[in-house]
Amino acid sequence: MKKFFYGFQYAWQGIRYAFKTQINFRFHSLAAIFAVSMGFYFRIQTYEWLWIIAVTAMVFISELFNTALEVLVDLVSPDYHVKAGVIKDLSSGAVLVTAFFAFVTGLLIFIPKIF
C-alpha cells in the first residue's frame, strides 16, 4: 500500500516539473483557469462542463507526454540528431492539435453566450 501512495507523490513531482520548466504548461494552466472562470460566469450546462473538463484534460495530458518525450529524447540523444528533432516536433504538434481542438470547443460553448 505504501508503494501505491508513493506513486501519487511521484506523479505530483512530474506535474510540478512540467509546471516549473515548461512555459506552455503554465500558459495552458492559465487558459484552463480562464475557461473554468468563464464557465462559472456564464453558468454553463453540465454537458458543456463535461466538454471543458475533457478538452482541458486532453491538453494537460498531451503537454505531460510532450515534456516526457522531450526529456527522453534529450537523454538518449544529447547531441543534435535530425530524427530526435522530428520526434520533438511531432510531440509538439500533438499538443498544438489538442490545444486547437480545446480552443474551438471553448469558442463553440462561449461565443453563443457572449453574443
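Residues numbered from 1 in each chain as written. Predicted model: local features only at pLDDT ≥ 70, side-chain atom pairs only at ≥ 80, totals over all residues. Heavy atoms only, no water.

- By the naming in an unreviewed UniProt entry, the chain is Diacylglycerol kinase family protein, taken from Arcticibacter tournemirensis.
- Under the UniProt heading Sequence similarities (unreviewed entry), the note attached to the chain is "Belongs to the bacterial diacylglycerol kinase family."
- The UniProt entry for the chain carries the following text under Subcellular location (unreviewed entry): "Cell membrane". (UniProt positions renumbered as here; feature names shortened; annotations may be inferred.)

## Examining the environment of H28
For step 1, the next point in the chain: Here H28 is to be found in helix α2 (residues 23–42).
For step 2, the next point in the chain: According to the relative accessible area criterion, H28 is buried, its value standing at 14%.
For step 3, the next point in the chain: Leaving out residues up to four positions away in the same chain, H28 has contacts with V59, F60, E63, V95 and A99. (Helix = DSSP H or I, 4+ residues; strand = E, 2+ residues; numbered from the N terminus. Buried < 20%, exposed > 50% of the residue type's maximum accessible area, 1.4 Å probe, protein only. Contact = heavy atoms within 4.5 Å.)

## Description of the UniProt feature "binding site: a divalent metal cation" (unreviewed entry) in the chain
For step 1, the next point in the chain: Per the UniProt annotation, the sites labelled "binding site: a divalent metal cation" (unreviewed entry) are E70.
For step 2, the next point in the chain: Here E70 shows up in helix α3 (residues 46–76).
For step 3, the next point in the chain: With near-sequence residues (within four places) excluded, E70 lies in contact with Q22, K88 and S92.

## What to know about the pattern of salt bridges
For step 1, the next point in the chain: All chains considered together, the criterion is met by 2 salt bridges.
For step 2, the next point in the chain: K113 is paired through a salt bridge with E48; the nearest N and O atoms lie 3.0 Å apart. With K113 in helix α4 (residues 82–114) and E48 in helix α3, this pair connects stretches of sequence that are 65 residues apart.
For step 3, the next point in the chain: Here E48 falls in the buried class, since its relative accessible area comes to 6%. (Salt bridge = Lys/Arg side-chain N within 4 Å of Asp/Glu carboxyl O.)

## Here's the deal with unusual backbone geometry
For step 1, the next point in the chain: At R43, a position not held by glycine, the phi torsion is positive, near 50°.
For step 2, the next point in the chain: Its place among the elements puts R43 in the loop between α2 and α3.

## Focus: α2
For step 1, the next point in the chain: With 20 residues, α2 extends 28 Å from end C-alpha to end C-alpha; this agrees with the ideal 28 Å at 1.5 Å per step.
For step 2, the next point in the chain: Where α2 is buried, its residues touch α1 (2–21), α3 and α4.
For step 3, the next point in the chain: Backbone geometry just after α2 places R43 at a positive phi near 50°. (Expected span 1.5 Å × (residues − 1).)

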